[in-house]
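Structural description and commentary
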Amino acid sequence: MQNHKRTKRMATKNSVSIKCEKIQLLRRSEVLARCAFSNSTLHRLIKRGEFPKPIKLGSRAVAWIESEVNGWIRQRVEEARGKAGNKY
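For the structure given in this document, a descriptive report is provided here.

The rules behind these values
Residues numbered from 1 in each chain as written. Predicted model: local features only at pLDDT ≥ 70, side-chain atom pairs only at ≥ 80, totals over all residues. Heavy atoms only, no water. Pairing = 2+ DSSP bridges. Helix = DSSP H or I, 4+ residues; strand = E, 2+ residues; numbered from the N terminus. Axes fitted to C-alpha atoms, helices over the stretch in contact; angles between N-to-C directions. Parallel < 35°, antiparallel > 145°, perpendicular 65-115°, else oblique. Contact = heavy atoms within 4.5 Å. Phe/Tyr/Trp six-rings, centres within 6.5 Å; stacked < 30°, edge-to-face > 60°. Buried < 20%, exposed > 50% of the residue type's maximum accessible area, 1.4 Å probe, protein only.

Moving on, we come to the sheet that holds strand 1 (residues 25-26). As summarised here, the arrangement of the 3 strands in space is 1-3-2, forming an open sheet in which the pairing is antiparallel. Two strands bound the open sheet, and with one partner strand each, they are strand 1 and strand 2 (55-56). In terms of strand pairing, strand 1 meets strand 3 (residues 62-65) through 2 bridges, oriented antiparallel. Across the sheet, the residue bridging to Leu26 is Trp64, located in strand 3.

This part is about the packing of helix 1 (residues 28-35) against helix 2 (residues 39-48). Their axes nearest at 10 Å, the elements helix 1 and helix 2 cross at an angle of 90°. Classed by the angle they form, the pair helix 1 and helix 2 counts as roughly perpendicular. On helix 2, the residues touching Arg28, Val31 and Leu32 of helix 1 are Asn39, Leu42 and His43.

Bringing the packing of aromatic side chains into the picture now. Inspection of the entire model under this criterion finds 3 aromatic pairs. When the centroid spacing of 5.8 Å and the interplanar angle of 80° are considered together, the rings of Phe37 and Phe51 count as edge-to-face. Note that Phe37 is positioned in the loop between helix 1 and helix 2 and Phe51 in the loop between helix 2 and strand 2, a separation of 14 residues in sequence. In terms of burial, Phe37 and Phe51 fall into one category: buried. Both rings, one in Phe37 and one in Trp72, keep their centres 5.7 Å apart while their planes meet at 85°; by these two values the pair is edge-to-face. Here the residue Phe37 occupies a position in the loop between helix 1 and helix 2, and Trp72 occupies one in helix 3 (residues 66-82), the gap between them amounting to 35 residues. According to the relative accessible area criterion, Trp72 is buried, its value standing at 14%. What links up through ring pairs into an aromatic cluster is the set Phe37, Phe51 and Trp72.

Given below as structure tokens:
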């Protein structure tokens, strides 16, 4: 009589590794405070494609992904610091 061992195969060929990250959402008032501009400027920049678009939370609620807003701010700082003669 042969002894058959059952072995579990670990899926490696087609496995997908998913990194979980915490996504924080910012409401309009927080975005306006962080970016220091008006609501009309916010809408103008979004329309031009110069600011991240919000995500829809409900029929009358939107929010922005914090990391996208922070990235936009970081990019503005890098652009400002990279200009010749700008020491501030």
